[in-house]
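Chain and residue survey
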Amino acid sequence: DAGITQSPRHKVTETGTPVTLRCHQTENHRYMYWYRQDPGHGLRLIHYSYGVKDTDKGEVSDGYSVSRSKTEDFLLTLESATSSQTSVYFCAISEYSGGPYNEQFFGPGTRLTVL
Amino acid sequence: KQEVTQIPAALSVPEGENLVLNCSFTDSAIYNLQWFRQDPGKGLTSLLLIQSSQREQTSGRLNASLDKSSGRSTLYIAASQPGDSATYLCAVGGGSEKLVFGKGMKLTVNP
């Protein structure tokens, strides 16, 4: 298994509070991603990073911000959590070999409940 | 906008059957296609990656094919086992390392 950990694994919070989820990798891969998985919608990309301090938005980025200050860590922040952000959040990584695009490996997920 | 469809959403079969799981996509300008397995409450496990220049990939009892021109991929599972029960997802890579996922197909293999 790819060395990807996510913390926390479960979190319950209240509407309006800030929440930060952490993804940590030991593979030294260049690309890191945050997805959310919801019934009826499948997996959707929130943000991704293509290097330290280099990030870009995905399909459902509103209400989320990210930071990557080290190769191994990618943080997802909900500045003011809402009930619509209740979901399972997955981190993924991939390596760049000059193309074509590469296999993504996923972490175990974080289940977030916003009350 | 790329759309990925997996039909049916669920499938229940007896053990030992050879299975074909379908994935279709609307934009044939893809770079790769990846098949994943997800067990309940778990993350995604990568099964096979097919680059756009390839027609198929094989791993053990799994074989995935890709037909870009028709916008389809199939995952073939030989001699299914109860341990194959899981949700199978396909995802299409179209650029900037982004994947677009189908909603998955829940497979149940009955002993």
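Provided above is the structure to which this section pertains.
Remember, it's a predicted structure, so these values are computed and weren't measured experimentally.

This brings us to the overall build of chain A. Across its full length, chain A holds zero helices and eleven strands. In sequence order, chain A lays out its α and β elements as β-β-β-β-β-β-β-β-β-β-β. Principal-axis analysis of the C-alpha atoms gives chain A an extent of 45 × 30 × 25 Å. Within chain A, contacts between residues separated by at least 24 positions form 55% of all contacts whose residues are at least 6 apart in sequence. Within the structure as shown, chain A displays about 5,400 Å² of accessible surface, and the carbon and sulfur contribution to it stands at 48%. Counting 11 positive and 13 negative side-chain charges, chain A places the centres of these two groups 4 Å from one another.

Our focus in this paragraph is the interface of chain B and chain A. Chain B puts 20 residues into the contact, and the matching count from chain A is 23 residues. Roughly 1,900 Å² of surface becomes buried between chain B and chain A when both sides are summed, with 54% attributable to carbon and sulfur atoms. Residue Glu 59 of chain A is joined to Lys 1 of chain B by a salt bridge in which the shortest nitrogen-to-oxygen separation is 3.7 Å. Summed over the shared surface of chain B and chain A, the number is four residue pairs in polar contact (both at pLDDT 80 or more). Among the residues forming the side of chain B that touches chain A, the class breakdown is seven nonpolar, eight polar and five charged.

Another point: the side chain of Gln 104 of chain A. Its location among the elements puts Gln 104 of chain A in the loop between β9 (87–94) and β10 (105–106). Of the polar contacts made by the side chain of Gln 104 of chain A, one reaches the side chain of Tyr 35 of chain A; its length is 2.8 Å.

Residue and element names in this part refer to chain A. Pairing of strand β5 (residues 42–51) with strand β6 (residues 54–57), which is carried by four bridges, proceeds in the antiparallel orientation. By the bridge assignment for β6, His 47 is matched with Lys 57. Hairpin connection, β5 to β6: the antiparallel pair is bridged by two residues, and Lys 53 has positive phi, about 70°.

All told, the structure shown has seven salt bridges over all chains when counted by the stated rule. Here Lys 70 of chain A makes a salt bridge to Asp 73 of chain A, at a shortest N to O gap of 3.3 Å. When its relative accessible area of 41% is taken as the criterion, Lys 70 of chain A is described as partly exposed. Take Asp 73 of chain A: its relative accessible area is 8%, and that puts it in the buried class. Residue Asp 84 of chain B is joined to Arg 61 of chain B by a salt bridge in which the shortest nitrogen-to-oxygen separation is 2.8 Å. Residue Asp 84 of chain B is found in the loop between β8 (72–77) and β9 (86–95), and its partner Arg 61 of chain B is found in the loop between β6 (56–59) and β7 (62–67); the two are separated by 23 residues along the sequence. Asp 84 of chain B gets classed as buried once you look at its relative accessible area, which sits at 7%. Sharing partners across several salt bridges, the network here consists of Arg 22, Lys 70 and Asp 73 of chain A.

Parameters and conventions
- Residues numbered from 1 in each chain as written.
- Chains lettered and ligands numbered in written order.
- Predicted model: local features only at pLDDT ≥ 70, side-chain atom pairs only at ≥ 80, totals over all residues.
- Heavy atoms only, no water.
- Helix = DSSP H or I, 4+ residues; strand = E, 2+ residues; numbered from the N terminus.
- Contact = heavy atoms within 4.5 Å.
- Areas by Shrake-Rupley, 256 points an atom, 1.4 Å probe, with all protein chains shown as cover.
- Lys, Arg positive; Asp, Glu negative; His and termini not counted.
- Charge placed at Lys NZ, Arg CZ, Asp CG, Glu CD.
- Buried area = accessible area lost by both parts, 1.4 Å probe.
- Salt bridge = Lys/Arg side-chain N within 4 Å of Asp/Glu carboxyl O.
- Polar contact = N/O pair within 3.5 Å; in protein donor to acceptor, adjacent residues only side chain to side chain.
- Nonpolar A, V, L, I, M, F, W, Y, C, P; charged D, E, K, R; others polar.
- Pairing = 2+ DSSP bridges.
- Buried < 20%, exposed > 50% of the residue type's maximum accessible area, 1.4 Å probe, protein only.

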